[in-house]
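Structure assessment
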Amino acid sequence: MIYSKMAEHAIAALAELARQPKGERVATARIADAASIPRPILTKVIAELQHAGFVKTREGRHGGVRLADRTSGISIREVADAFDTDVSLPLCPFHPDGCNCEGGDPCKAHALWAKTREAFERFLDDVTIADVSEAGPRSRRKR
């Protein structure tokens, strides 16, 4: 797993919120159903997202959750970093405790793996919540 299940749920919840009209508050039950997140877990995720400044919440009759103003433009890395301490691929997939890749005697797959890591890092930095929401089930075209 590259990032935690909680980070995965957070990305899914934010993507669902990004699909809504700007500023619209959404009930957590609706987010949970649409994003297939268990409601008790979503409650914890929303609390963390609010603490990180990604969502605004309001209780009561006209309450719900909505994206904070800048959230649709934030990267997947920013969201994952709010939940996980280290969102990255290992330096070496074959020697998790470390091979001598950095010490001048790289393993045979080092150059190939380095390209994969760089692509993954670019993905985390470049893909936004808005991008993920556009790729979601509501905007998929049927073939």
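Below: a short report on this structure.

Another aspect to go through is unusual backbone geometry. At Ser 36, a residue that is not glycine, the phi angle is positive and equals roughly 55°. If you trace the backbone, Ser 36 turns up in the loop between helix 2 (28-35) and helix 3 (39-51). Owing to a relative accessible area of 62%, Ser 36 belongs among the exposed residues under this scheme.

Right, let's talk about the nonpolar core for a bit. Of all hydrophobic cores here, the largest spans 30 residues; its most connected members are Leu 14, Leu 42, Leu 49 and Val 79. Elements represented by at least two residues in this core include exactly helix 1 (5-18), helix 2, helix 3, strand 2 (64-67), helix 4 (76-83) and helix 5 (110-126). Here this core gets 6 residues from one element, more than from any other, and that element is helix 1. Excluding anything up to four places from it in sequence, Val 79 contacts Ala 10, Ile 11, Leu 14, Phe 54, Ile 74 and Ile 129.

Take helix 4 next. Of the residues making up helix 4, those classed as buried are Ile 76, Arg 77, Val 79, Ala 80 and Phe 83. Along the axis of helix 4, the buried residues cluster in a sector spanning 160°; they form a single face. Those residues of helix 4 hidden inside the fold are in contact with helix 1, helix 3, helix 5 and helix 6 (129-134).

This part is about the environment of Ile 129. Summarising the element assignment, Ile 129 is placed in helix 6. The residues touching Ile 129, leaving out its near neighbours within four places in the chain, are Ile 11, Leu 14, Ala 15, Ala 18, Thr 71, Ser 72, Ile 74, Ile 76 and Val 79.

Analysis parameters
Within each chain, residues carry numbers counting from 1 in the order of the written sequence. Selection of residues for local features in this predicted model requires a pLDDT of at least 70, selection of side-chain atom pairs for listing and counting requires 80 or more, and totals for whole chains, interfaces and linings are taken over all residues. To obtain the side-chain values, all non-hydrogen atoms of the structure were included, while hydrogens and water were left out. Numbering goes from the N terminus for both helices and strands, where a helix is a DSSP run of H or I of at least four residues and a strand is a run of E of at least two. The classification of residues rests on relative accessible area computed with a 1.4 Å probe and restricted to protein chains. Under 20% of the type maximum is buried, over 50% is exposed, and intermediate values are partly exposed. Residues belong to one nonpolar core when they are buried, are Ala, Val, Leu, Ile, Met, Phe, Trp, Tyr or Cys, and are joined through side-chain atoms within 4.5 Å. Only heavy atoms matter for contacts: two residues are in contact if any of them lie within 4.5 Å across the pair. Directions from the helix axis toward the C-beta atoms define the arc.

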